[in-house]
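Given next are the chains, with one letter for each unit.
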Amino acid sequence: MAFGGSLVLASALEGRLLDGEGGRPVSGVTIKRNWSWAWTNREGSDETVTDSEGRFRFQEVVGRSLTAKFVPHEPSVRQEITAELPGGSLTLLSLQKSNYETNGELGGQPLRIACRTDLEPDARGFFWGTCERDP
C-alpha cells in the first residue's frame, strides 16, 4: 500500500431481504448502512432500496490516512445495516471490522448475506442481527 493509500473501511456487500421461513423476497424496502471509523472518528451512511427479488447492494467504502498505515493500532470500523419497515427500523446486521482489507469482514470471503424480516436480531455466528451468510 502506498504512503497515504486507500484503506477499505467497509467491503462491498450483497444481500437479500426475505420474509418468513418460506423465504419470500421483500421488495421496495429502504436499507441503510451506517459506519464509523474509530481512527479518525469519521462516520458515514448510504442507503438503497430492495429490488423485486429482495436484493440490495452497497459499494465498498474507502478511507485515506497518512498515519493509519504506519502507526501501530488495531483498526476498528463499526457497520450497522437496518431495514426501514412499516413497523419501524430493524437491525439486519451489526459487525465490527478490525482490518483494512477487502472482504476482511469474513477473512477474505465476499460479504453476501440473506436477512429476514420475521426474526428478532440475535447473535448468528459472526453477525449480530437477522442475517446469515448467503452462498
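Right, let's walk through the structure included here. This one's a predicted model, so the numbers in the text were calculated from it and none came from an experiment. (Residues numbered from 1 in each chain as written. Predicted model: local features only at pLDDT ≥ 70, side-chain atom pairs only at ≥ 80, totals over all residues. Heavy atoms only, no water.)

1. Quick notes on unusual backbone geometry
- Backbone geometry places N41, a non-glycine residue, at a positive phi of 55°.
- Of note, N41 is situated in the loop between β4 (30-37) and β5 (42-49).
- Phi at N103 takes a positive value of approximately 60°, unusual for a residue other than glycine. (Helix = DSSP H or I, 4+ residues; strand = E, 2+ residues; numbered from the N terminus.)

2. Concerning the packing of aromatic side chains
- Counting across every chain of the model gives two aromatic pairs.
- Pairing W37 with Y100 gives two aromatic rings, centres 6.0 Å apart and planes at 80°, and the pair type is edge-to-face. Here the residue W37 occupies a position in strand β4, and Y100 occupies one in the loop between β9 (88-97) and β10 (111-116), the gap between them amounting to 63 residues.
- Taking relative accessible area as the criterion, W37 reaches 1% and is therefore assigned buried.
- Residues F56 and F58 carry aromatic rings whose centres are separated by 6.2 Å and whose planes lie at 70° to one another, so their mutual orientation is edge-to-face. (Phe/Tyr/Trp six-rings, centres within 6.5 Å; stacked < 30°, edge-to-face > 60°. Buried < 20%, exposed > 50% of the residue type's maximum accessible area, 1.4 Å probe, protein only.)

3. Details of the pattern of salt bridges
- Applying the stated criterion across every chain yields a total of eight salt bridges.
- Linking D134 and R16 is a salt bridge whose minimum nitrogen-to-oxygen distance equals 2.7 Å. Placement of the pair is D134 in the segment after β13 (131-133) and R16 in strand β2 (residues 13-19), with a sequence separation of 118 residues.
- Classification of R16 by relative accessible area gives partly exposed; the value is 21%.
- When salt bridges that share partners are traced, they join E14, R57 and R112 into one network. (Salt bridge = Lys/Arg side-chain N within 4 Å of Asp/Glu carboxyl O.)

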